[in-house]
Every structure is written in structure tokens, then in C-alpha cells.
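# Working through the structure, step by step
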Amino acid sequence: MELTLQAPLDMHLHLRDGEMLENIANASTHTFSGAIVMPNLVPPVSSKEEVTAYKKRIRHAIGNEDFTPYMTLFFKPSYDKTFLENVKEEITAIKLYPAGITTNSEGGVSGFDVEELRPALEAMSDLNIPLCVHGETNGFVMDREAEFVHIYEKLATAFPKLKIIMEHITTKESVAALDKFENLYATITIHHLLITLDDVAGGMLQPHLFCKPIAKRPQDREALLKVALEAHPKVMFGSDSAPHPKHAKENCGCAAGVFTAPIALQLLAELFEKHHALENLQAFISGNATRIYGVSPLKKTVILEKKPFKVPSDYNGVVPMFANEEIAYRIKEVKLG
């Protein structure tokens, strides 16, 4: 059995920088036409010059790979309309992080005073620049995303013309919010469609499944599966593939992030087939994203074949999800057109 996917998109991807970028860029980009690239570097990407320089480093790292990096800025309340008009052509979205809530987010937003955020968010509304949000509070880890939903509601109400992307949602509360506000959208990862907290810490701790937001309860996964498998028009695939060197994952201060980019499409094909929903996979991995973001991706064709594939133990020192395990699909061919 073969499965053909057209112009797959990853609408939430970490490519890192420096040696890590050079080591994993091709593994992360090979099967995708493009991706929304996260800006939480050290220091974060927060100026036009930094965006263009980072994009240049990405293009160098991927070499001849056919791939479009859709660039983002690290949100700052100080952004004004003049600044955003000047940088608009270089970016696809702006990413907002609550301060200190995830990897390299110390310079994020502390508190969500609407009036403090209004100048920047109104300018983004006027310029049609989407706002991507890592939606977690600093409360109890299992409740952080559910607690953040009221902030989404506050932002969606205060800025009704602002397109707000709830990134890597993990809870039934976030799923319910999708249909309450016209301007709320969401990305969903493959790992949150497959695992719950029990897989991470129910037995022996599995460091390569530890991520933020942390995997939640079975009922949360079921809510995610429902909207993903039906390709709900307001959801799209975003891997949140987040590489860390093996030593940073396998220690007592385990870094948060699951590396899935090289096997994401294969896992999605297996999942959608299992649930008799293969007819909706194209919309989930491309169609919805092109409509929501208004992008025109490269015409890349990915052909999968249903043959067992043993996931490598690592990709240049980065351990992927399901390392050394067998999955049902493999990549047969990737071509332009």
C-alpha cells in the first residue's frame, strides 16, 4: 500500500541554531514543504536583522533541500506598528511565550494585561499578522493549559480581528475553546495524539517523551483525536519537534521536548489509517494550514509505503520518539511537484 501526500506542512517546528541546527535541519525538513520556525533561541529572534540572519543560517544548514522556513518573531509588548510594518515581509507570525514557562522563554510576557498588550496586538490585527501562543500558566503542571484558556478568551474577545493560534494544545478545554471564538485556531502534535502522562511517567520514566506542555489524561487525548482525525477546519498539524542532545535528555534535569520531525508523517499515516480517517490526513497536514495562514507551499510530493521501518537510535546525537522501535510506514520517495 502506498499513500501520497501533497505539500505537507509543519506549523510548529524547532530547528535550534549553531551545531544543533547543522546536525538536524535536514532530518527535520526533508519530508515537509515548509514549517513555522520557532524563535526561542538564545538570544531570542526579535528584530528584522535577527530574522533574516536566522533564515540565512537555516538555508545554509538545509543545503539543496526544497523547504520554506516560515519565520517568526519572539513577541515583545514594545512592538509598534512602524516596527511591524518594516518586518512584516520577513515573517509569517509572531510567537508569544509566558515568561519562563518553556525552553528559552525567560524574556516572555509576565502577566496578561490587555491594555499593556493592546498597542502591539492591535497593530498585528491591522497588519494581519497571526499571533502564536504557548498557552500555559505557572500553576500545577497538569492544569497549566486549562488555566490558560481564560486568557485565550480574554485575548480573542479584546482583539476579534487578531488570528490567534493556540499552539500544541493538549486538553479538552482547549479543544472546546475552538468553537467558541471565530479567531481561535490550534496546532496539534503527533506525540500528544499518541501518548498520555502514563506513557511518560506511569512506569519507568521515559525522558524522550517528556515535553511541555506535558502529556495529559486519556480524555484529553480523545478530544484531540476527534478534531484531528476529522480535520476540524480550525486545527492543523504542528510537530513541536524539539531536538536536544542525548545528554540533555538523559539526566536528572531532563530537557523538555520530543524529537519527531523525521518520522511525523509516517506516524500520522499509521494513526489515521488505524482510525479509518486517511481521507482527512491531507487537510490536517496541509489544507487547513494553507487556508488559515494564507501560505502557498512548495509543490513537494511525499510518497509513503506501508512497510515496517525501524526508527534509528538517533539522528546525529538526537534521540527520536520510538527510537529502535518498528513503525508501520516508511518514506518511499520525496519529489518536487
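Residues numbered from 1 in each chain as written. Predicted model: local features only at pLDDT ≥ 70, side-chain atom pairs only at ≥ 80, totals over all residues. Heavy atoms only, no water.

The next subject is the overall build of the chain. Looking only at helices and strands, the chain has 12 helices and 14 strands in total. For 337 residues, the compact-globule estimate of 2.2 N^0.38 gives 20 Å, and the chain sits close to it at 19 Å. When the backbone C-alpha atoms are referred to their principal axes, the chain occupies close to 55 × 40 × 40 Å. Across the 337 residues in the chain, those meeting the buried criterion constitute 56%. For the chain, contacts bridging at least 24 residues in sequence account for 72% of all contacts bridging at least 6. Roughly 13,600 Å² of accessible area belongs to the chain as shown, and the carbon and sulfur atoms make up 50% of that amount. (Helix = DSSP H or I, 4+ residues; strand = E, 2+ residues; numbered from the N terminus. Rg over C-alpha atoms; globule rule 2.2 N^0.38 Å. Buried < 20%, exposed > 50% of the residue type's maximum accessible area, 1.4 Å probe, protein only. Contact = heavy atoms within 4.5 Å. Areas by Shrake-Rupley, 256 points an atom, 1.4 Å probe, with all protein chains shown as cover.)

Okay, the packing of helix 11 (residues 264–274) against helix 12 (residues 281–293) next. Closest axis-to-axis distance for the helix 11/helix 12 pair is 9 Å, and the angle between their directions is 140°. Relative to helix 12, the element helix 11 is oriented oblique. Residues Leu 265, Leu 268, Ala 269 and Phe 272 of helix 11 lie in contact with helix 12, whose contacting residues are Leu 281, Phe 284 and Ile 285. For the contact of helix 11 with helix 12, the per-class residue count stands at seven nonpolar, no polar and no charged. (Axes fitted to C-alpha atoms, helices over the stretch in contact; angles between N-to-C directions. Parallel < 35°, antiparallel > 145°, perpendicular 65-115°, else oblique. Nonpolar A, V, L, I, M, F, W, Y, C, P; charged D, E, K, R; others polar.)

A few words now on the sheet that holds strand 4 (residues 68–70). Ordered by their spatial adjacency, three strands build an open sheet running 2-3-4, and the pairing between neighbours is parallel. The two strands at the open ends of the sheet, each matched to only one other strand, are strand 2 (9–13) and strand 4. Sheet twist, expressed as the average angle between the axes of neighbouring strands with direction ignored, equals 25°. The strands touched by helix 12 are strand 2 and strand 3 (34–37); relative to strand 2, the strand with the most contacts, the crossing angle is about 70°. (Pairing = 2+ DSSP bridges.)

Both faces of strand 3 are covered, namely the face carrying Gly 34 and Ile 36 and the face carrying Ala 35 and Val 37. Judged from the three bridges that link them, strand 2 and strand 3 form a sheet pairing that is parallel. Bridged to Leu 9 within strand 3 is Gly 34. Considered for its hand, the β-α-β crossover made up of strand 2, helix 1 (residues 18–29) and strand 3 is right-handed. Direction of pairing for strand 3 relative to strand 4: parallel, over a ladder of three bridges. Paired with Ala 35 across the strands is Pro 69, a residue of strand 4. In this fold, the crossover linking strand 3 to strand 4 by way of helix 2 (residues 48–62) has right-handed handedness. (Right-handed = clockwise from strand over helix to strand, strands pointing away.)

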